[in-house]
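What follows is each chain in one-letter form.
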Amino acid sequence: MQPLLSVRNIRKSFRGIKVLEDVSFDVDAGSITALVGSNGAGKSTLVNVITGAIQPDGGEVRLAGRDLGRLPAYQRVRAGLLRTFQHPRVFGSFSVAESVALARTPPELERFGSSLLSAMKGKAAAPAFEPRYPIEQRLAGLAGIPTSLLSYGEKKLLMLSQVLALDGSVICFDELCAGMELAVVADVRHCLLSLAERGKAIVFVEHNLALVRSLATRVIFLNQGRVFRDGPVDEVLTDPEVVSLYLGG
Ligand SMILES: Nc1ncnc2c1ncn2[C@@H]1O[C@H](COP(=O)(O)OP(=O)(O)O)[C@@H](O)[C@H]1O
Ligand SMILES: [Mg+2]
């Protein structure tokens, strides 16, 4: 069977410094893969390359067999490749409800995006925010609040909600749960599991190894821009070399 996402021989340097070297892996529909590695290992750069935020120096990203080439990020979103950012990105003056409504704007209305925005800003009443997933209940009471006033964890929930508003097939989460309260992390975990059950491929960058163990079936361990290990969670996370590199032992 053809993999849903195929990453082939990705290379990327910044100012002559190699950040990704020959990174290759495949991801199937319905799978949950954790990207683990020390700070600076290249995890976010890899997510950026996959989702089109930056272009690689070499290699390919294929979605359902289609080479995405230099397709920009917004077109990858339309193709079903979604992500959240390590550092929350929100539109400060927009409310939570407006931000989610924007994400839910159907592609055929997208070119009217700016007029839609001004129309929305002109309205006295904020658009309704109707949670579709249990995790979104945590944002329901904040629907009318400008996103700039959200806490760090709430901004991350908003990014998750925006991803949930779109019907992606591959979703990359870059340290989504970092800085979240434990109870929220538990709800996010359920949300990600249910996405995978519905056939989405989940790729998530995470430092919390307990969460990695309870979510992922597979770990890709990146070290200095290379795939150092790729295999079942227990195998990779107990690998002495991985332990030594990751924990600096
Ligand atoms: N836009 C950029 N310009 C220059 N260097 C960058 C840029 N993005 C990342 N880097 C460098 O690439 C390396 C890997 O960064 P990153 O992918 O963010 O690692 P990780 O997410 O694993 O912590 C780091 O040394 C970082 O400083
Ligand atoms: Mg990172």
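Rules used throughout
- Residues numbered from 1 in each chain as written.
- Chains lettered and ligands numbered in written order.
- Predicted model: local features only at pLDDT ≥ 70, side-chain atom pairs only at ≥ 80, totals over all residues.
- Helix = DSSP H or I, 4+ residues; strand = E, 2+ residues; numbered from the N terminus.
- Rg over C-alpha atoms; globule rule 2.2 N^0.38 Å.
- Buried ≥ 20, exposed ≤ 12 C-beta atoms within 10 Å, placed from the backbone.
- Contact = placed C-beta atoms within 7 Å.
- Expected span 1.5 Å × (residues − 1).
- Pairing = 2+ DSSP bridges.

(A) Quick peek at the overall build of the protein. Within the protein one finds 10 helices and 10 strands. A compact globule built from 249 residues should have a C-alpha radius of gyration of about 18 Å, and the protein, at 18 Å, falls within 12% of that. In terms of principal-axis extent, the alpha carbons of the protein reach across some 60 × 40 × 40 Å. Within the span of the protein, comprising 249 residues, buried residues form 38% of the whole. The contacts in the protein between residues at least 6 apart in sequence include a share of 68% that link residues at least 24 apart.

(B) Spotlight on helix α7 (residues 182-197). Compared with the 22 Å implied by 1.5 Å per residue over 16 residues, the 23 Å span of α7 between its first and last C-alpha is a close match. Where α7 is buried, its residues contact β3 (32-36), α6 (152-164), β7 (170-174), β8 (201-205) and α8 (209-215). Just past α7, the residue Gly-199 takes up positive phi, approximately 95°.

(C) Spotlight on the pairing of strand β1 (residues 5-14). The pairing of β1 with strand β2 (residues 17-27) spans 7 bridges and is antiparallel. By the bridge assignment for β2, Ser-13 is matched with Lys-18. Between β1 and β2, which pair antiparallel one after the other, the connecting turn spans 2 residues, and Arg-15 there sits at a positive phi close to 45°. With 5 bridges connecting them, β1 and strand β4 (residues 58-63) associate as antiparallel partners.

(D) Geometry of α6. Compared with an ideal rise of 1.5 Å per residue, which puts 13 residues at 18 Å, α6 spans 19 Å between its outermost C-alpha atoms and is within 8% of the ideal. Along α6, 10 of the 13 residues are buried, which leaves the element largely enclosed by surrounding structure. Those residues of α6 that sit buried are Glu-154, Lys-155, Lys-156, Leu-157, Leu-158, Met-159, Leu-160, Ser-161, Val-163 and Leu-164. The elements touched by buried residues of α6 are β6 (81-84), α3 (96-103), α5 (137-140), β7 and α7.

(E) Geometry of the environment of Pro-3. Relative to the helices and strands, Pro-3 resides in the segment before β1. A sequence separation of 59 residues divides Pro-3 from Arg-62, and the C-alpha atoms of the two residues are 8.8 Å apart. Contact partners of Pro-3, with chain neighbours within four places excluded, come to Asp-26, Val-27 and Asp-28.

(F) Here's a closer look at the pairing of β6. The alternating pattern of β6 places Leu-81 and Arg-83 and Leu-82 and Thr-84 on opposite faces, both of which are buried. When β6 meets β7, the two strands line up parallel, connected through 4 bridges. Directly across from Leu-82, in β7, lies its bridge partner Ile-171.

(G) The arrangement of the environment of Ser-38 in detail. Position of Ser-38 relative to the elements: it lies in the loop between β3 and α1 (43-51). Separated by 142 residues in the primary sequence, Ser-38 and Met-180 place their C-alpha atoms 20 Å from one another. Each residue touching Ser-38, except ones within four places of it in the same chain, is listed here: Leu-245 and Tyr-246.

(H) Here's a closer look at the environment of His-87. Within the element layout of this structure, His-87 appears in the loop between β6 and α3. Along the backbone, His-87 and Pro-56 are 31 residues apart, and their C-alpha atoms lie at a distance of 21 Å.

(I) View of the sheet that holds strand β5 (residues 66-67). The strand order β2-β1-β4-β5 describes an open sheet built from 4 strands, whose pairing is antiparallel. Where the open sheet ends on each side, the last strands, each with one partner, are β2 and β5. Two strands pair when backbone bridges link them, and β4 and β5 are joined in this way by 2 bridges, in the antiparallel orientation. Its bridge partner being in β5, Arg-62 is matched across the sheet by Asp-67.

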